[in-house]
Amino acid sequence: MRRICLFSLLYFGLMVPVAKGSPTGKVYLYFDPQYSMLYSEASALPLAENEVFRCVLVTPPAGVELTAETPLPFSIDQGGNLLVPEELSSQGYSAEYYRWGGETDYQLIPKDGLAGRLLLTVSFSSPVYVYLVAQDTRDGQGICGGTPDRCVVAFGATLCGKLGGGLIPGPGLPELYAVIGQGWECAESDAEGVTNVPSPFPIIASTSLSKLEMNGQVVTDREQIDAALTPSVSAFAMETEGVYALTLQPPTAPGKVFYTVETAETLQGPWLRVEDVVAEMSETEKKAFAILSDACYTRLRIGEETRLVLPEIPSETGSRFYRVVGE
């Protein structure tokens, strides 16, 4: 009835005011547990519980079209910050995380995996491209912190489609339907032109942390960032014969990067991950080292005081050095 009245008014030449502002569109994302989002295509390992995934809206310059084959017009750093490369931003590209339900800009994978439909309501002033992004925030024990700013080791992104520009199917408001994976059909009765998109594969290494918020200020200076990410050694002592304990205090900005314990026979190296050295030990030495059942030495989170046990290797007679390196 509303449309009939509008046409009638226009026919008689009356001026009808049109409210200005950003139009609103809806993005429907459908997930099937048979086609889970994966950490890598090779491993076929689904995203872990409390893993983070997000939607990114990209606005390119007028006249620029993006496709699934187009190189990603954004990247993500280790702190979860969304970045547009300088060479693209100078051309007019912009990108932003979009909020789910008006509260957070991310969703977490529940214990039983992700299935069903998720709705994203989007306001936009120019045509935007919608990307689904999966992050890899697992620590060395495969556990996710459940927040988007925990260290992002890698990420993957999938182009779901475009909102605006007259290319969106369906009546009424602009709507975009995307089925994640190649499985079941969309359940919406009016979902014409459904896009099937592959699961994102987080195979792109995140970039170095580009900025930190400290004491209410955003820090971008590289030296200041490095200093804020460096943990300190508060104790190193022999506990029992052949068993040493290393105690680390968290950095000023905890949770932003992972750390790996490396070891070498001389300060000149070569420096190797502790796990790689253990892999070359005899079974007797591995039992003496007792590493994997007690502590995490790779993708280590130092968010609080952390104690690491570093037993001697029985077959060695010289010195052995250890260091903690931020990934």
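Residues numbered from 1 in each chain as written. Predicted model: local features only at pLDDT ≥ 70, side-chain atom pairs only at ≥ 80, totals over all residues. Heavy atoms only, no water.

Draft legend 1. Looking closely at the environment of Tyr39. Inspection of the secondary structure puts Tyr39 in the loop between β1 (24–31) and β2 (52–59). Sequence spacing of Tyr39 and Phe201 is 162 residues, and the spatial spacing of their C-alpha atoms is 5.7 Å. Among all residues touching Tyr39, those that are not within four sequence positions of it are Leu45, Pro46, Leu47, Ala48, Glu51, Gln135, Asp136, Arg138, Cys144, Phe201 and Pro202. A polar contact is formed between the side chain of Tyr39 and the backbone nitrogen of Ala48, at a distance of 3.2 Å. (Helix = DSSP H or I, 4+ residues; strand = E, 2+ residues; numbered from the N terminus. Contact = heavy atoms within 4.5 Å. Polar contact = N/O pair within 3.5 Å; in protein donor to acceptor, adjacent residues only side chain to side chain.)

Draft legend 2. A look at the side chain of Asp139. Inspection of the secondary structure assignment puts Asp139 in the loop between β8 (128–136) and β9 (154–163). Residue class for Asp139 comes out buried when judged on its relative accessible area of 13%. Here Ile143 takes part through its backbone nitrogen, which lies 2.9 Å from a polar atom of the side chain of Asp139. Not counting chain neighbours up to four residues away, the residues in contact with Asp139 comprise Phe258, Arg299 and Arg301. (Buried < 20%, exposed > 50% of the residue type's maximum accessible area, 1.4 Å probe, protein only.)

Draft legend 3. Up close: the pattern of salt bridges. Applying the stated rule across the entire model yields eight salt bridges. Across the pair Asp276 and Arg273 runs a salt bridge whose closest N-O atoms are separated by 3.1 Å. Relative accessible area serves as the criterion here: at 35%, Asp276 is assigned to the partly exposed category. Through salt bridges with shared partners, one network takes in Asp136, Arg138 and Arg299. (Salt bridge = Lys/Arg side-chain N within 4 Å of Asp/Glu carboxyl O.)

Draft legend 4. View of the packing of aromatic side chains. Tallied over the full model, the rule gives four aromatic pairs. Seen in terms of ring centroids, Phe74 and Tyr131 are 5.3 Å apart; in terms of plane orientation they differ by 80°. Their pairing is edge-to-face. Note that Phe74 is positioned in the loop between β2 and β3 (75–76) and Tyr131 in strand β8, a separation of 57 residues in sequence. A relative accessible area of 2% means that Tyr131 is categorised as buried. Within the aromatic cluster, the residues linked to one another by ring pairs are Phe31, Phe53 and Trp100. Note that Arg54 overlies the ring of Tyr97, its terminal NZ or CZ placed 3.4 Å from the centroid. The ring of Tyr39 carries Arg138 above its face, with NZ or CZ at 3.5 Å from the centroid. (Phe/Tyr/Trp six-rings, centres within 6.5 Å; stacked < 30°, edge-to-face > 60°. Lys NZ or Arg CZ within 6 Å of the ring centre and 35° of its normal.)

Draft legend 5. Looking closely at the nonpolar core. Of all hydrophobic cores here, the largest spans 29 residues; its most connected members are Leu29, Phe31, Met37, Phe53 and Leu132. For this core, the secondary-structure elements that each account for two or more residues are β1, β2, β7 (116–123), β8, β9 and β10 (175–180). In terms of residue count, the dominant contributor to this core is β8 (four residues). Sequence-distant contacts of Met37, that is, excluding residues within four places in its chain, are made with Phe31, Leu45, Pro46, Leu47, Phe53, Ile109, Leu114, Leu132, Ile180, Ser199 and Pro200. Counting 25 residues, the second largest nonpolar core, distinct from the first, contains Ile225, Leu248, Met281 and Leu308. (Core = buried A, V, L, I, M, F, W, Y, C linked by side-chain atoms within 4.5 Å.)

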